[in-house]
Amino acid sequence: MSSGQERAVEVGDHVRVNYTGRFENGSVFDSSVGHNPLEFTVGADEVIAGFDRAVIGLKPGESCQVVIPPADGYGEHIPEMVAEVERHLIPNNEQLVLGSMLEVSMENGQSLEVQVVELSDESVVLDGNHPLAGKELHFEIEVLGFA
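Residues numbered from 1 in each chain as written. Predicted model: local features only at pLDDT ≥ 70, side-chain atom pairs only at ≥ 80, totals over all residues. Heavy atoms only, no water.

## Observations regarding the pattern of salt bridges
For the coordinates displayed, the defined rule picks out three salt bridges. R7 is the salt-bridge partner of D13, the closest N and O atoms lying 2.9 Å from each other. The exposure class assigned to D13 is buried, which follows from its relative accessible area of 11%. Here R7 falls in the partly exposed class, since its relative accessible area comes to 36%. Residue D72 is joined to R53 by a salt bridge in which the shortest nitrogen-to-oxygen separation is 2.7 Å. Residue D72 is found in the loop between β4 (63-68) and β5 (82-86), and its partner R53 is found in helix α1 (residues 49-55); the two are separated by 19 residues along the sequence. The exposure class of R53 is partly exposed, given its relative accessible area of 48%. (Salt bridge = Lys/Arg side-chain N within 4 Å of Asp/Glu carboxyl O. Buried < 20%, exposed > 50% of the residue type's maximum accessible area, 1.4 Å probe, protein only. Helix = DSSP H or I, 4+ residues; strand = E, 2+ residues; numbered from the N terminus.)

As structure tokens, this is what we get:
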């Protein structure tokens, strides 16, 4: 009887992986190496679609490299989600830092996390897109095992 570790990853499996994510220019934007491995259930929308699909068919100990287009990652960058706001309208605006994240309330009562992408004495440009939206993502993924 097999231990089950030799079988390939399928949809519904809970897996542990190490990964490194890079931009097209090779700079690293995220990695689990040196940290705890990422655990997720394959096919449960817990990670981006391209990452999810990349591990299907791999066995523990196997690795892959995958290029994930925006459609299978964090989506396209939507220009309508970028807005310039008068700085005085933002609470604690003297503490704003380029790249910082803010939570804003929408008219429908929901909140949206936005990033400060431009900053001047008079105004602030806020971007509601995910910071990785519109970017092609290059991942190296190693399946460590089933969790």
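Here the narrative resumes, following the displayed structure.
## Comments concerning the pairing of strand β7 (residues 111-119)
Taken together, the five bridges between strand β6 (residues 101-105) and β7 define a ladder with antiparallel strand orientation. Within β7, the position partnered with M101 by the bridge is Q115. Sheet topology places β7 next to strand β8 (residues 123-127); four bridges connect them, and they run antiparallel. Looking at β8, one finds that L119 is bridged to V124. (Pairing = 2+ DSSP bridges.)

## So, the nonpolar core
By size, the foremost hydrophobic cluster in this structure holds 21 residues, and its most contacted members are V17, F40, F51, V55, F139 and I141. Counting only elements with at least two residues in this core, the list comes to β1 (14-22), α1, β4 and β9 (137-146). Sorting elements by how many residues they give to this core places β9 first, with five residues. When residues no more than four places from it in sequence are discounted, the contact partners of F51 are V17, Y19, L38, F40, I68, F139 and I141. V114, V116, V124 and L126 belong to the second-largest nonpolar core, a separate cluster that totals six residues. (Core = buried A, V, L, I, M, F, W, Y, C linked by side-chain atoms within 4.5 Å. Contact = heavy atoms within 4.5 Å.)

## Regarding the sheet that holds β5
In spatial order, the strands read β5-β8-β7-β6; together these four strands make up an open sheet with antiparallel pairing. Among the strands making up the open sheet, the edge pair consists of β5 and β6. The mean inter-strand angle of the sheet, taken between neighbouring strand axes irrespective of direction, is 40°. (Axes fitted to C-alpha atoms, helices over the stretch in contact; angles between N-to-C directions.)

## Some thoughts on the environment of K59
Relative to the helices and strands, K59 resides in the loop between α1 and β4. For the pair formed by K59 and E142, sequence separation is 83 residues and the distance between their alpha carbons is 9.3 Å. When sequence neighbours within four positions are dropped, the list of residues in contact with K59 reads E6, R7, A8 and V143.

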